[in-house]
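Letter by letter, the chains look like this.
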Amino acid sequence: MWHQLGKAILKYKVYFLSFLFIATIFMGYFAAQVKLSYEFTKAIPEDNPKFVIYKNFVKKFGVDGTTIVVGFQTDKMFTTPVFNDLFELHHQIKKIPGVTEVLSIPFAYTLSKDTITTRFLAQKVFHAPYTTDSALFADQKVFEQLPFYKNLLYNPSTHAYMMAISFIPDSINSASRSHLIHLLEDQLNVFTKHTNLAVHISGLPYIRTILANRIKKEMLWFLMGSLFLSAITLLLFFRSFSATLMSLAVVAMGVIWSLGTMVLLGQKITLLTALIPPLVVVIGIPNCIYFLNKYHTAYNETQDRDKAIVQMVSKMGIVTLFCNLTAAIGFFVFAFTKSPLLKEFGWVSGINIMALFFISLFFIPPVLSYLAPPKAQHVKYLDNPFLTSILVKIEKYTFKHTKWVFSITLLLVIVSILGVLRIKKEAFIVDDLPKKDKLYTDLKWFEQNGGGVMPLEIIIDTKKRNGLLRSIKPLENIDALQQYLVQQPELGRPLGLLEGIKFAKQSFYDGDTIAYSAPTATEMAFIAPYLAMANNKVNDSNKNQGPSQLLNKFIDSAKQQTRVSVNMKDIGSAQLPKFLTRLDSATKAIFDSTKYNIQITGSSVTFLEGSNFIIKGLGESIFWAFLLIAICMLFLFRSFPILICSLIPNLVPLLITAGVMGWVGISLKPSTVLVFSVALGIAIDVTIRFLINYKQELQKFDHKVHPTLIQTIQHTGISIIYTSLVLVAGFVIFCFSEFGGTQALGWLTSLTLVVSTLTNLILLPALIKTFIKGK
C-alpha cells in the first residue's frame, strides 16, 4: 500500500503541491483574522451549577469583574498640590472612552436631610481645586467623619489611598481594551510625574489585559525562536540549505493551518492555544527528520533518487502516521474533558498535528524529486562514531546487566511515587508571574492595603417580593453577616445595601458618626420615607455619584434579592474551598434556610471551579491517552506482550516527571496539566519508531529476538537521538517564558523526553529480551 502510495505521490506531484499551495492560501486568509481572547477564560462548562448561578447573578446585577483599582501611599494626601493633582486625574480618567464611573476621594459625597421634600440630597464633600490648605483641611474633617469611605477609599493605618474605575463590560472585554488601559496608564504616569508618588494598579480587567498582551508577545517570540532553533539543528544534522528550507516550509504551513483552524472553529488565542503554533514547529520538524533520514539511507543503498523517495514513503509512511497519530491523541484527549478551555486546545492541536502528517507526506517527496540527489556531506551524519560508540555501550549494558536495568528502574519508580504524593493541587490568579513582577507586587499591595481584588458576591434571596422591606429582620441578618466578613483576614471591606442604609441613617441624625450603624425597626420607619425615592438627586450632571445610589446597585427591582460584594485576597485554589465552606456554614447559622436562599458566587468562585475542572481534566486526559494509544499500538503490532512492553517505557518517564514536580515543589495547576498528556503523545513516537523497525528487522533475522534487538538499536538509535535532541531543543525555548507554568512545561517536557529516550533505548530492549519469546 505505502509503496504504491509513494509512486502515486511522485506521479501526481504537481497536483499534490498545487493542493497544498491552495489550501495554505485558504487557511492563511483565515489565519490573518485570528484575535486575542479578552474575555475571562471559561474553564468550566456552561451547564455547571456554580457557573449557572454566576450567569444569573450577572444577568441581574451585572458583570462583577469590570473595575480597575488604583492606589498609592502618602502622608501628604491632604495638601493642596497632591489633592489637586488627584482631582485632575479623576477628571482625565472620566474622559477615557468606556469609563462609566470613577470613585475617588476628591469626588466623595455626603447626604443632607431635606425635611420639606422628605428626601436625602447628595452634596460634594470637597470643592477642588483648592488654592489654600485651610479650605482643604476643613473639608478633610468632614470627610473623616464619614465611616462609609473608611477602608473603601483609604486605609488610615497605612496612609493608603485608592480609586475605583468602572468600565462598560463590552469595552473592557473587546480588542479596544489594550488601548483603554494604555490611556489610563498615560494619565497615571502624568500623576506620578507631578507628585513623585509610586502608583499601584490592579483589578481583574487590568490583569487580564496585561496577561493577554504578554501572551501575544510571547507567541511571536516563541514561534520565531522555535523556527530559528529548528533551522540551526537541521543545518547541523544535514548540512543542506535546501533540506532546511524544505523542513521550515512544512512547519510554516502547519503554523498557518493551526491559526486558520482557530478562526474556523470560532476560537481566539488564549494562554493555552498560544502554545499551539510553537508546538506545531517542534512536532513538525521530527517528521522531516524521519523522512530525510530514511531518504538518505535509501539513497546510499540504491543511488537512485526516485527509488529512494518511494522507499522512504513505503518504510516511513506508516511510522510517521502512527507517530503523529499518537502525538495528536496526547493533545486531542483534552477535547474529551468538560473544560471548554481544554476542549479548544485539544481540538485545534489534535487536528493540526494530524494535518502535519499529510503536509509532510504530500510535500516532502515531491520537493525532493525536484532537488539534486544528496551529496556525501549531506549524509555524513549517518556515520557518527561518537553516537555509534554510545549505542554499542547501551547495547552491551542492556543485555549483560538486565537485572541492574530493572533494579534501577524500580528504584526510580519508588522515589517518583513518593514525590507524586507530595504534589500540591493549587493555583493562584498570578502565580505564573515572577514574584518581582509589577503585576504581582501591585496585587499584593492591594491585598495588604485594601483587602484584595478578587470579587466575591453573596446573594441573599428572601423568597418573597418586597421581602427586604417587610421587616427589619433581613437587615439585622445582613448586619450579622457583614460583621462576620469584616473579621475574616482573607477579605476586604464588604459593601452592599446595608452600607447605603447606614450612610442614610448617619445623615438622618445630621452626620453623627455614632449613628453609622444598622437601624432599628423604629429608626427604619422614620428613614424609609427618605429612601422611597430611589433617584436621590445631586444635580443633573452628577446624579449617579451619590452613595444613595448603592440602593439601586445592590437590590433587585422586586426588592426580593440583595447582594453583599466584597473583594478578597488571592488565597489560591487550595485554600479557597476551605474558606467558602467556612463562609457557607456562617451564612447557614445566620440565615433561616426556610426563609432565605443564600448563594455564594463571583469571579473568585468561578476561578476555583475552573481550576478544579482543568486539574480533573488531567486525570481524564491521561486515561483516554493511554487507552487510545494502547489501541493504536495493539492494532499496529497485533501482540499483547509487545503492547505491555511498549507502554512501560513511556509510563516510567511520566512517573519520574511527576515525582520531580513533587520533590521540587511545582504545583499541579491549569498551566502545568499539559505536561503529561503532551509528553506522552510525543514520547510514544520513539517507541513506535523503535518497535516498527524491530518488526521490520525481525524477518531478516529469522525471528531471533536478540540479534534483531542489536540491529534495531544500531539502526534506529542515531535517528532517535537526533529527533529527541530536536524536540528537547524545541521545548527548552519555553523555559524563557515570563509565565512559570510555561517554563515548567518547557523543562518538564524536555526532562520527560530525555528520560523517554533512555527508557526506549535501554529499558524497552531489556523488556523485549526478557518477556518476548523468539527463536
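Just so you know, the residues in each chain are numbered from 1, in the order the chain's sequence is written. Since the coordinates come from a predicted model, pLDDT governs what is reported: local features require at least 70, and pairs of side-chain atoms require 80 or more to be given and counted, while whole-chain, interface and lining totals use all residues. Think of the side-chain values as coming from all heavy atoms in the structure, minus any hydrogens and water.

Caption draft 1: Seen up close, the side chain of Glu-697. Counting from the N terminus, the helices are the DSSP runs of H or I reaching at least four residues and the strands are the DSSP runs of E reaching at least two. Position of Glu-697 relative to the elements: it lies in helix H23 (residues 674-700). Each residue's exposure class comes from its accessible area (1.4 Å probe, protein chains only) as a fraction of the maximum for that residue type: buried when under 20%, exposed when over 50%, partly exposed otherwise. The exposure class assigned to Glu-697 is buried, which follows from its relative accessible area of 6%. Only heavy atoms matter for contacts: two residues are in contact if any of them lie within 4.5 Å across the pair. For Glu-697, the contacting residues outside a window of four places in its chain are Thr-708, Gln-711, Thr-712 and His-715.

Caption draft 2: The arrangement of the packing of helix H9 (residues 241-264) against helix H12 (residues 340-370) in detail. Their axes nearest at 9 Å, the elements H9 and H12 cross at an angle of 145°. Between H9 and H12 lies a crossing whose hand is right-handed. On H12, the residues that touch Met-246, Ala-249, Val-250, Met-253, Gly-254, Trp-257, Ser-258, Thr-261 and Met-262 of H9 are Val-348, Asn-352, Ala-355, Leu-356, Ile-359, Ser-360, Phe-363, Ile-364, Val-367 and Leu-368. Interaxial angles span 0 to 180 degrees and are taken between N-to-C directions of axes, which are lines fitted to C-alpha atoms, for helices over the stretch in contact. Note on convention: near helix rotated counterclockwise from far helix by under a right angle means a left-handed crossing. Clockwise means right-handed.

Caption draft 3: Spotlight on the side chain of Thr-716. Here Thr-716 lies in helix H24 (residues 705-732). According to the relative accessible area criterion, Thr-716 is buried, its value standing at 1%. In protein, a polar contact requires one atom able to donate a hydrogen and another able to accept it; more generally it is a pair of N or O atoms within 3.5 Å, and residues adjacent in sequence count only if both atoms are side-chain atoms. Reaching out from Thr-716, the side chain makes a polar contact with the backbone oxygen of Thr-712 at a distance of 2.7 Å. Among residues more than four places away in sequence, those in contact with Thr-716 are Arg-689, Phe-690 and Asn-693.

Caption draft 4: Examining unusual backbone geometry more closely. The amide bond that connects Ala-128 to the next residue, Pro-129, takes the cis arrangement and shows omega of 0°. Mapped onto the fold, Pro-129 is located in the loop between strand E4 (119-124) and helix H5 (133-143). One non-glycine residue, Lys-463, lies in the positive phi region at around 70°. Structurally, Lys-463 can be placed in the loop between strand E8 (454-461) and helix H16 (473-486).

Caption draft 5: H9, seen in detail. Take the residue count of a helix, subtract one, and multiply by 1.5 Å to get its expected span. Over its 24 residues, H9 extends 34 Å from the first C-alpha to the last, a length consistent with the 34 Å expected when each residue adds 1.5 Å. Most of H9 is tucked away: 17 of the 24 residues are buried. Once H9 ends, the next one or two residues include Gly-266, with phi positive near 75°.

Caption draft 6: Local environment of a positive patch on the surface. Taken together, the side chains of Lys-464, Arg-470, Lys-473 and Lys-595 make up a positively charged region of the molecular surface. Among the structural elements, Arg-470 can be located in the loop between E8 and H16. By relative accessible area, Arg-470 is classed as exposed at 58%. Any residue with relative accessible area above 30% and no salt bridge may belong to a patch, with like charges joined within 9 Å and the nonpolar Val, Leu, Ile, Met, Phe, Trp and Tyr side chains within 5 Å. Using a 1.4 Å probe, accessible areas were evaluated by the Shrake-Rupley method; residue-level cover was limited to the displayed protein chains. Salt bridges are defined by distance alone: a side-chain nitrogen of Lys or Arg within 4 Å of a carboxyl oxygen of Asp or Glu. Under this rule, positive means Lys or Arg and negative means Asp or Glu; His and the chain ends count for nothing. By convention, the charge on Lys lies at NZ, on Arg at CZ, on Asp at CG and on Glu at CD.

Caption draft 7: Structural detail: the sheet that holds strand E9 (residues 495-496). The pairing criterion for strands is at least two bridges between them, as found by DSSP. Pairing is antiparallel across the open sheet formed by 4 strands, whose spatial order is E9-E10-E8-E11. Two strands close off the open sheet at either side, each with one partner strand: E9 and strand E11 (597-601). Where E8 meets E11, 5 bridges bridge the pair, whose relative direction is antiparallel. The residue of E11 that forms the bridge with Asp-461 is Asn-597.

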